[in-house]
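Breakdown of the fold
Now for the letters of each chain:
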Amino acid sequence: MKAIILAAGQGSRLGALTANSPKCLINFNGRTLLDRQLDTLVNNGIDDVTIVTGFRDEQIEAALARRQGGPTVRTIYNPFYKVADNLGSLFIAKEALEGDVLVWNGDTLVSDALMAKVVGNQQSGICVTIDRKDSYDADDMKVVTADDGRLLAIGKRLDAGVNAESIGLLAFRGDGAARFAQAIENNIRKPEGTTIWYLRVIHHLASQIPVWTLDIQGHEWGEVDFPPDVEAAMALTAHWDAQAMADNRHVA
């Protein structure tokens, strides 16, 4: 399995924190968000990663050059990151959308255990990783699922029937990536193509073919969009680091 990380945006909702540096380079207890994503992939056997860059891409390139150890990474620059939504980033990287591949938002942290569940899931086609909670706000990427796990709808403006949220991590197996790549090609050519989120394409695909969900309720993850999210991610990563140290001591 390969992975595509979408890290082209600036993250302007974080204010001064991302005024001169990409969101994916925010430091969380000694490691950047991007480093933590790459380490999580390596820890789960994924060593072929494509990163779509945009805002201050030279800083991302420098950060990658400082890394020691895997995975094997190539970057693709999205020159339209200021005017196109994340569908544009996937259009730029569509050659990497083949075979078994993950698509991961560059502002989402997940635990190694959560990633292991995603990688270990053998559902063919397209699978959206979801979590569940008691209520959902306007910024959540809301999801409606059927009893058998099929995705019925996904979007921020959903209301009726919402019973989950997307965490920004999708897995494609079998012909899933090829179908998604073709849908991206079709949608980017529309007049509104540059304003489309890639999950809107998934929403429309779900009315044509089975799109599945993977429920990771109980596993730990965090999205970094607003200043309070940074504080929460600091606490979450500190917890993961302490847990890893304790596990290493136990093994030793």
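Quick notes on the rules
Residues numbered from 1 in each chain as written. Predicted model: local features only at pLDDT ≥ 70, side-chain atom pairs only at ≥ 80, totals over all residues. Heavy atoms only, no water. Helix = DSSP H or I, 4+ residues; strand = E, 2+ residues; numbered from the N terminus. Expected span 1.5 Å × (residues − 1). Buried < 20%, exposed > 50% of the residue type's maximum accessible area, 1.4 Å probe, protein only. Contact = heavy atoms within 4.5 Å. Arc of directions from axis to C-beta. Phe/Tyr/Trp six-rings, centres within 6.5 Å; stacked < 30°, edge-to-face > 60°. Salt bridge = Lys/Arg side-chain N within 4 Å of Asp/Glu carboxyl O. Pairing = 2+ DSSP bridges.

So, on to helix α5 (residues 176–188). For α5, spanning 13 residues, the distance from its first C-alpha to its last is 18 Å, which sits close to the expected 18 Å at 1.5 Å a residue. The set of residues buried in α5 consists of Gly176, Ala177, Phe180, Ala181, Ala183, Ile184, Glu185, Asn187 and Ile188. On its buried face, α5 sits against α3 (86–92), β6 (101–105), β8 (125–131), β11 (164–173) and α6 (198–205).

This part is about helix α4 (residues 112–120). What sets the pattern is the α-helix's 3.6 residues per turn: residues three or four places apart point alike. Among the residues of α4, those classed as buried are Leu114, Met115, Val118 and Val119. Burial along α4 is one-sided: seen end-on, the buried residues are contained in an arc of 135°.

Another point: the packing of aromatic side chains. When we look at a pair of aromatic rings, we describe it by the centre distance and by the angle of the planes. All chains considered together, the criterion is met by two aromatic pairs. Look at Phe172 and Phe180: their rings are 5.0 Å apart centre to centre, the planes differ by 10°, and that puts the pair in the stacked class. Each member of the pair, Phe172 as well as Phe180, is classed as buried. Their ring planes at 65° and their centres at 6.3 Å tell us that Phe180 and Tyr198 sit as a pair that is edge-to-face.

Applying the stated rule across the entire model yields 19 salt bridges. Between Asp175 and Arg179 there is a salt bridge whose closest N-O contact spans 3.0 Å. Accessibility expressed as a relative area gives 40% for Asp175, which makes it partly exposed. Salt bridges linked by common partners bring Arg13, Lys23, Asp107, Asp139, Lys156 and Asp225 together as one network.

Attention now moves to the pairing of strand β10 (residues 151–155). Most of β10 is tucked away: four of the five residues are buried. In terms of strand pairing, strand β9 (residues 142–145) meets β10 through four bridges, oriented antiparallel. In the strand pairing of β10, Val143 is matched with Ile154. Turn length for the β9-β10 hairpin, with the two strands adjacent in sequence and antiparallel, is five residues, and the turn residue Gly149 shows positive phi of about 95°.

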